[in-house]
Amino acid sequence: MSDKTMRERRMAYQRNLPENKKVLKDVQSQLEEALRLLENGEKDAVCNIVNQLKENLEKRIELENTKCKSESTEKFDKSIFPKTGMLIGEDRDVVMFVTKASEKEEYLSLSHTYSQMKNAYKDEKFLEKIWNSFIGENVFACSVYDKKTKTFVGYCTINELRQKEWELAIELKPEWCHRGYGTQALTLFVNCVTEITGNYIYRARVEIDNYASQALLKKLGAYPNGISEYELHGKNLDQFKRENTDLIDDKLQAVAEEFCMEAEDILGYVLEYRLEVY
């Protein structure tokens, strides 16, 4: 069996789709032309190619982001949440605050740790987009710290406050995982949000082979609520399933059974969990 995770396999498969290969080939051709011009000393022409390339890629990214946004969105007044840097709660090992500007480097570093696109983190414009995904008008994010050492551990977020059902996300530094911090942090986070807003229903999406996150959600009382497509759709998703059956093992079989599906059919999807806080 390959050491690659489901997410890594899905992204690799997506890169090799014909339509994406064409984009990559076009990018390669433009970069080769830029190198040729650079050797001839035509720096202005090189700048024009690079700027056009960046503009086209940014438009493509923006288009994909637009597709991913839910159509059923509504306005939300974020001002009801605690202000930047304010304490939202503490537990045995963790203390949590609303995300503040001085934590930018911590957030970007953690995001880079789990990213499949590490080269993109050399682009300042990309970094600003990542940071804005934590502090934007339609996001509520809180930082997690170790109570004893005051060390930054990670964060919890709701990524889109305009959605009817809020989606939870949590990321912790690898060295702080599997130590109970996730359970404490996510419990504090949802209890705070519920108390402030009255909202008590949340959703969370998890990779089918991310057993630690599945266990965390179930520990909080979340239960299976179906599956959803992510990055792959239609015939591409079907082809991915056929090519990755070697990922099926006893653990994956058990997950499929929990979601009332066959293991072969669940490949390529992400799991949906529903959490109700009372």
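Everything below is about the structure shown above.
Summary of the structure given here. Note that the coordinates shown come from a computational prediction; the quantities given were computed from them, not determined experimentally. (Residues numbered from 1 in each chain as written. Predicted model: local features only at pLDDT ≥ 70, side-chain atom pairs only at ≥ 80, totals over all residues. Heavy atoms only, no water.)

Right, let's talk about the packing of helix α7 (residues 211-219) against helix α9 (residues 250-258) for a bit. Direction vectors running N to C along α7 and α9 enclose 40°, while the axes themselves pass 12 Å from each other. Our pair here, α7 against α9, has a crossing hand that is left-handed. Judged by residue contacts, Y211, Q214 and K218 of α7 engage K251, L252, V255 and E258 from α9. Taken together, the residues of the contact of α7 with α9 break down into three nonpolar, one polar and three charged. (Axes fitted to C-alpha atoms, helices over the stretch in contact; angles between N-to-C directions. Helix = DSSP H or I, 4+ residues; strand = E, 2+ residues; numbered from the N terminus. Left-handed = near helix turned anticlockwise from the far one by under 90°. Contact = heavy atoms within 4.5 Å. Nonpolar A, V, L, I, M, F, W, Y, C, P; charged D, E, K, R; others polar.)

When we look at a pair of aromatic rings, we describe it by the centre distance and by the angle of the planes. Counted under the stated rule, the structure contains 15 aromatic pairs. Ring geometry for Y121 versus F126: centroids 5.2 Å apart, planes at 75°, classification edge-to-face. Considered together, Y121 and F126 belong to a single accessibility category, that of buried residues. One aromatic cluster is present, formed by F97, Y107, W131, F134, Y145, F152 and Y155 through successive ring pairs. The ring of F97 has K100 lying over it, and the distance from NZ or CZ to the ring centre is 5.8 Å. (Phe/Tyr/Trp six-rings, centres within 6.5 Å; stacked < 30°, edge-to-face > 60°. Buried < 20%, exposed > 50% of the residue type's maximum accessible area, 1.4 Å probe, protein only. Lys NZ or Arg CZ within 6 Å of the ring centre and 35° of its normal.)

This next bit is on helix α4 (residues 104-114). Buried within α4 we find Y107, L108, L110 and S111. When α4 is viewed along its axis, its buried side chains cluster within an angular range of 165° and face the same direction. Of the surrounding elements, those touching the buried residues of α4 are α5 (124-135), β3 (140-146), β4 (152-158) and β5 (166-172). (Arc of directions from axis to C-beta.)

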